[in-house]
Structures are given as C-alpha cells and as structure tokens.
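Coordinate analysis (summary)
Listed below are the residues making up each chain.
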Amino acid sequence: MHNIDGSTPLCFACAKGSLQCALLLIDAGAEVNPSLTITFPPLHEAALNGHVDCIEMLLKMGANLEKSENQFGTALHVACTRGFVDCVQSLLHAGANPNAIKRHHAPLHTAAYFGFADCVSALLEYGANIYQGNARSMRPIEMTGNEACRKMLLTQAGKKLIKVGYGLMLLKFKMSTT
C-alpha cells in the first residue's frame, strides 16, 4: 500500500519514530525494503529523523543498508546530513560503508561540510577515507569550516594543511609525542 506520493505507512511510522506501530505494520506484511520512486524508504526516514530504535529494528528485519535513494544516498548519508551520531554509529556498526559515494560526496564529506564533529569521529573510527575526493576532487578537510572537524581530520592524516595561492595543500609533519 502506497499513498499518492509513493510513501508507505511503514515509512510514516519510522519517520515519526513509532517503533510499536512499525512492528505492527511489519507483522501485518509491510515491506521493509519497499520499491519507492519519489520518497525515502523506512530506513532512510528513521535516519532522517534520528530514530535509532527504528533503525536497529529495521536492520534486524533485513533493511538494505546500502540502498541509495534520490539525491541523498544511503541512510548513512542521510544521518550525516542531520548530525544524528547515534544513528551514524548504529548504521556503521551494522556494516554501512563509510566510503559510499552518492551525489558526488561520501558520508565524511557531508558530516565535515555540516560541521558534525561527532559524526566525523564515528566515520573515522570505522575507516572513512580522509583522502577521498568528491566530484570536484575536494577532500573532506577542504569542505569543512568547523575547527573541531578540521583538527580531527588533520590529526587523522598526520598532516598539516597550508594555504597555497587559491588552493589547499597537505604537507606531512611529524607529530610530537611530548
């Protein structure tokens, strides 16, 4: 069952964070991975609205972690767009790819751009590639204006960022242990 814009009751339940309603719908036969053309699937709706309990339930029920939707990419991309670190951690723990590219960016680009340092930290912990370029060959560090994100990415890289003309250049430096 879909409404006029193609969404399902399960999508709405997950968007609102109604775990009990979502479970009832699944028990009644609702598809965890419905075929949608316009709207987000249930996992994306839960990630978009910060409902980690719905995310974890959907994953247990077989939700597709790597399903890429519309302009926003995977559920991990969506959670990074909103800065919901608990959702990001849950998706990563379940095996979401921290380096998945959708619409020119990886989740690390998105979290860095929006300045969500906790999300950047979680992505780095799960192996996000700090050197991965987007469609404009920009790395995550070049997209952030957030100082905490910048320091975290620099520390991870063991490198130093310097301004060179109109561009940025990463130079190696030795980390002091004292």
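Only a predicted model underlies this, so the values are computations on that prediction, with no experimental measurement involved.

Focus: the environment of Q20
Summarising the element assignment, Q20 is placed in helix 2 (residues 19-27). For Q20, a relative accessible area of 67% puts it in the exposed group. A C-alpha to C-alpha distance of 9.3 Å links Q20 and C54, two positions 34 residues apart in sequence.

Overview of the nonpolar core
Nonpolar side chains tend to gather and get buried jointly when the protein is soluble and globular. Core analysis: the biggest nonpolar cluster contains 43 residues, and L58, V88, L91 and L123 have the highest contact counts within it. Non-local contacts of L123, meaning those with residues more than four positions away in its chain, are made with L76, C80, V88, L92, P98, P107, L108, A111 and A128.

A short note on the packing of helix 5 (residues 75-82) against helix 6 (residues 85-93)
Running from N to C, helix 5 and helix 6 cross one another at 160°; their axes reach a closest spacing of 8 Å. As far as their axial angle goes, helix 6 and helix 5 are roughly antiparallel. The way helix 5 lies across helix 6 gives a crossing that is left-handed. Together, A75, L76, A79 and C80 of helix 5 and C87, V88, L91 and L92 of helix 6 make up the contact between the two elements. When its residues are assigned to classes, the contact of helix 5 with helix 6 shows eight nonpolar, no polar and no charged.

What to know about the confidence of the model for the protein chain
Note: predicted coordinates in regions of low pLDDT should not be interpreted at a detailed level. Looking at the protein chain, pLDDT values average 85 and 83% of them are 70 or higher. Of all secondary-structure elements in the protein chain, the lowest mean pLDDT belongs to strand 2 (residues 167-172), at 48, while helix 6 reaches the highest, 98. Low pLDDT, under 50, characterises residues 162-167; the stretch is placed with six contacts to residues that sit more than four places away or in other chains. Within the model, the stretch residues 171-178 combines pLDDT values under 50 with 10 contacts to residues more than four positions away or in other chains.

What to know about the pattern of salt bridges
On inspection of all chains with the given rule, the structure shows two salt bridges. The partner of E142 in a salt bridge is R139, with the nearest N and O atoms 3.3 Å apart.

The rules behind each value
Residues numbered from 1 in each chain as written. Predicted model: local features only at pLDDT ≥ 70, side-chain atom pairs only at ≥ 80, totals over all residues. Heavy atoms only, no water. Helix = DSSP H or I, 4+ residues; strand = E, 2+ residues; numbered from the N terminus. Buried < 20%, exposed > 50% of the residue type's maximum accessible area, 1.4 Å probe, protein only. Core = buried A, V, L, I, M, F, W, Y, C linked by side-chain atoms within 4.5 Å. Contact = heavy atoms within 4.5 Å. Axes fitted to C-alpha atoms, helices over the stretch in contact; angles between N-to-C directions. Parallel < 35°, antiparallel > 145°, perpendicular 65-115°, else oblique. Left-handed = near helix turned anticlockwise from the far one by under 90°. Nonpolar A, V, L, I, M, F, W, Y, C, P; charged D, E, K, R; others polar. pLDDT = per-residue confidence, 0-100. Salt bridge = Lys/Arg side-chain N within 4 Å of Asp/Glu carboxyl O.

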